[in-house]
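These are the residues of each chain, in order.
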Amino acid sequence: MDLKSKRIYLSPPDLDGRERELILEAYESNWITTLGPQVDAFEREICERTGVPYAAALSSGTAALHLALILLGVKPGDEVLCSTFTFSASANPITYCGAFPVFIDSDAATWNMDPLLLEEELRTCKQRGKLPRALIVVDLYGQCADYDPILKICSEYNVPVIQDAAEALGATYKGKSAGSFGDMGVFSFNGNKIITTSGGGMLVSSKKEVIEQARFLATQARDAAPHYQHSHIGYNYRLSNILAAMGRGQLENLDKKIACRKEINQVYRKSLSGIPGMGFMPIAGYGEPNYWLTCITIDPLQSKSKREDIRLALEKENIESRPLWKPMHLQPVFQSYRVRGGSVTEKLFAEGLCLPSGSGMAADDQQRIINIVRKVCGVS
Ligand SMILES: *Cc1c(COP(=O)(O)O)cnc(C)c1O
């Protein structure tokens, strides 16, 4: 087959386990809606995997973030701090609550939220007499943020923490799993994440009542009555039993998928690191990422080429790559909100690129990508 005709995607679904068997089991059991044994088992297995005692399977990571904010009592007019270097789904749910996001820049050493800037912002908030109702910390591209200082600062100011670990299932921070930090953790099983249910998410917490309340709100907030009675506004946010079956099949192979992505990351590093001006997302010493995406930076002052030259050369060969997240404080929809810092992620956005990193990617496809990048950079 013509190599060019088969597009290489950034992070396509990789169905290589018992997904089909488990989906069929769900189908044949006639548990095909948002309730059933696969949902219960998927929740249990995520708890076992992450060490967080309680979990609610939901229709998306975005839904999980929205419920987390509601459960923390976020109200119209409140402020919620959020990493600026992220996908818009981290910040959108803040506005669903009528609250305002305030963005915090990253630390160049981890690309995740800078704890010093967080502290500065909280100090300023306190001086103004209005503390934020919550903080959303993102674990970027599969690497945990620096939780020790972040949690310490937030407990000093009494600000609850939501961990947006949508991209980081399976990663660790000082030996503990992503998702286990803060008041609640969020995972996504969207099609491009390290495991997928085609679409789905999970809210996890060490507090039983939080997860029970999340399940209640996610199923239209039905009061205990034989008729339909409601004393709260509810949502239709539960995950279907069919999709949970798929998630279980995926989760069984999570370690294998992490190992594949790590290998891909190491091959990129080995093959590209000698190129002048080429940099990689730093791996922080405090934990082990899940290597969701391999991210490079190209310093235009040192390199023969720019980020866009590489992206366009790959695109010409039918290979998908993508600039790093455009920081939220630069997004037209969020431009009017406050940001603390900003220059670190502005530079990363200008110079950074995510390379295809799917756990199902063939070694010769990766070699093709490497050859193109090397050629564009004038090294071969
Ligand atoms: C994917 C993602 C989400 C949203 O998850 P969905 O399941 O797609 O709603 C939230 N935050 C981050 C950082 C993500 O990468």
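Chains are numbered independently. Their residues run from 1 in the order of the written sequence. pLDDT decides what is reported in this predicted model: residues at 70 or higher carry local features, side-chain atom pairs at 80 or more are listed and counted, and totals for whole chains, interfaces and linings draw on all residues regardless. Hydrogen atoms and water are omitted, and side-chain values are computed over all heavy atoms in the structure.

Draft legend 1. A look at the site of the ligand. Near the ligand there are 15 residues, and of these Gly61, Thr62, Glu167, Ser188 and Lys193 occur at the shortest range. Basically, the charged four are Asp, Glu, Lys and Arg, the nonpolar ten are Ala, Val, Leu, Ile, Met, Phe, Trp, Tyr, Cys and Pro, and anything else, Gly included, counts as polar. Class assignment of the residues belonging to the shell around the ligand gives a composition of 4 nonpolar, 8 polar and 3 charged. One heavy atom suffices: a residue is near a molecule or strand as soon as one of its heavy atoms comes within 4 Å of it.

Draft legend 2. Structural detail: the domain arrangement of the protein. Taken domain by domain, the protein comprises domain 1 (19–251) and domain 2 (254–376). Domain segmentation is taken from an automatic or database assignment of domains. If you average the C-alpha positions of domain 1 and of domain 2, the two centres end up 25 Å apart. Contacts: residue pairs with any heavy atoms within 4.5 Å of one another. Counting from both sides, the interface comprises 51 residues of domain 1 and, opposite them, 38 residues of domain 2. Note on terms: buried area is the combined drop in 1.4 Å-probe accessible area of two parts once they are placed together, counting the loss on both. Across the interface of domain 1 and domain 2, roughly 3,900 Å² is buried in total on both sides, 61% from carbon and sulfur atoms. Whenever Lys or Arg places a side-chain nitrogen within 4 Å of a carboxyl oxygen from Asp or Glu, that contact is recorded as a salt bridge. At the surface where domain 1 touches domain 2, the tally comes to 5 salt bridges. Put simply, Arg49 and Asp255 hold a salt bridge, and the shortest N to O gap is 2.9 Å. Under this definition, polar contacts are N or O atom pairs within 3.5 Å; protein pairs additionally need one hydrogen-donor-capable and one acceptor-capable atom, and for neighbouring residues in sequence, both atoms have to be side-chain atoms. Scanning the region where domain 1 abuts domain 2 turns up 27 residue pairs in polar contact (both at pLDDT 80 or more). By residue number, the principal contributor to the side of domain 1 that touches domain 2 is helix H5 (residues 115–128), which donates 6 residues. The residue makeup of the side of domain 1 that touches domain 2, split by class, is 24 nonpolar, 16 polar and 11 charged. Counting from the N terminus, the helices are DSSP H or I runs at least four residues long and the strands are E runs at least two residues long.

Draft legend 3. How the structure looks around the packing of aromatic side chains. Here the aromatic set is Phe, Tyr and Trp, taking the six-membered ring for Trp, and pairing holds for ring centres within 6.5 Å; pairs whose planes are under 30 degrees apart are stacked, those over 60 apart are edge-to-face, and all others are tilted. One pass over the structure, following the stated rule, counts 14 aromatic pairs. Ring geometry for Phe85 and Trp111: centres 6.4 Å apart, planes at 65°, overall edge-to-face. Of this pair, Phe85 sits in the loop between strand S2 (79–83) and helix H4 (92–96) while Trp111 sits in the loop between strand S3 (100–104) and H5, placing them 26 residues apart in sequence. Only protein chains enter the calculation, and the probe is 1.4 Å; a residue is then buried if its accessible area is under 20% of its type maximum, exposed if over 50%, and partly exposed in between. The class for Phe85 is buried, based on a relative accessible area of 1%. By relative accessible area, which is 4% here, Trp111 ends up buried. Three or more aromatic residues joined by ring pairs make a cluster, and in this case those are Phe85, Phe87, Trp111, Tyr141, Trp292 and Trp325. Sitting over the face of the ring of Phe181, Lys176 holds its NZ or CZ atom 5.0 Å from the ring centroid. Counted as over-ring charges are cases with an Arg CZ or a Lys NZ within 6 Å of the ring centre that also lie within 35 degrees of the ring normal. One residue, Arg307, lies across the ring of Phe349, its end atom 6.0 Å from the ring centre.

Draft legend 4. The arrangement of helix H7 (residues 208–218) in detail. Among the residues making up H7, those that are buried are Val210, Ile211, Ala214, Phe216, Leu217 and Ala218. Those residues of H7 that are buried are in contact with strand S1 (54–58), helix H3 (61–71), strand S8 (184–188) and strand S9 (201–205).

Draft legend 5. Just unusual backbone geometry, in detail. Even without a glycine there, the phi angle at Lys174 is positive, about 45°. Its place among the elements puts Lys174 in the loop between strand S6 (172–173) and strand S7 (176–177). Although it is not a glycine, Gln220 adopts a positive phi angle of roughly 70°. The topology assignment puts Gln220 in the loop between H7 and helix H8 (241–252). By relative accessible area, which is 35% here, Gln220 ends up partly exposed.

Draft legend 6. Up close: the packing of H3 against H7. At a minimum axis distance of 10 Å, the contact between H3 and H7 shows a crossing angle of 115°. The crossing of H3 and H7 is right-handed. Here H3 contributes Leu67, Ile70 and Leu71 to the contact with H7, which in turn contributes Val210, Gln213, Ala214, Leu217 and Ala218. Partitioned by chemical class, the residues of the contact of H3 with H7 number 7 nonpolar, 1 polar and no charged. Between N-to-C directions, angles cover 0 to 180 degrees, with each direction set by a line fitted to C-alpha atoms, over the stretch in contact for helices. Left-handed describes a crossing whose near helix is turned anticlockwise from the far helix by less than a right angle; the clockwise case is right-handed.

Draft legend 7. Examining a nonpolar patch on the surface more closely. Residues Leu24, Tyr27 and Ile32 make up a contiguous nonpolar surface patch of about 330 Å² in total accessible area. Here Leu24 lies in helix H1 (residues 19–29). To count toward a patch, a residue needs a relative accessible area over 30% and no salt bridge; like charges are then connected within 9 Å, while nonpolar side chains (Val, Leu, Ile, Met, Phe, Trp, Tyr) are connected within 5 Å. Accessible areas in this description were obtained via Shrake-Rupley with a 1.4 Å probe; residue shielding takes into account the shown protein chains only.

Draft legend 8. Spatial organisation of the pattern of salt bridges. By the definition in use, this model includes 25 salt bridges. For the salt bridge of Glu315 with Arg7, the shortest nitrogen-to-oxygen distance reads 3.0 Å. You can see Glu315 sitting in helix H10 (residues 307–316) and its partner Arg7 sitting in the segment before H1, a full 308 residues away along the chain. The partner of Arg340 in a salt bridge is Glu121, and the shortest N-O contact between them spans 2.9 Å. Pair noted here: Arg340 is in strand S14 (residues 339–340) and Glu121 is in helix H5, with a separation of 219 residues, a long-range link. One network of salt bridges, in which partners are shared, links Glu79, Glu120, Glu121, Arg128, Arg338 and Arg340.

Draft legend 9. Representation of H8 within the structure. Helix span is expected to be 1.5 Å times the residue number reduced by one. The end-to-end C-alpha distance of H8 is 17 Å, a good match for the 16 Å that 12 residues give at a rise of 1.5 Å each. With 9 of 12 residues buried, H8 is to be regarded as a mostly interior element. Buried residues along H8 sit against H1, helix H2 (37–50) and helix H9 (254–272). The opening residue of H8 is Ser240, an N-cap whose side-chain oxygen sits 3.3 Å from the backbone nitrogen of Ile242.

Draft legend 10. Just the packing of H10 against helix H12 (residues 363–376), in detail. Their axes nearest at 10 Å, the elements H10 and H12 cross at an angle of 135°. Taken together, the axis directions place H10 and H12 in an arrangement best described as oblique. Of the two elements, H10 crosses H12, and the hand of that crossing is right-handed. Contact residues: Asp309, Ile310, Ala313 and Leu314 in H10; Ile369, Ile372, Val373 and Val376 in H12. Within the contact of H10 with H12, the residues separate by chemical class into 7 nonpolar, no polar and 1 charged. To sort the angles, those under 35 degrees are grouped as roughly parallel, those over 145 as roughly antiparallel, those from 65 to 115 as roughly perpendicular, and the leftovers as oblique.

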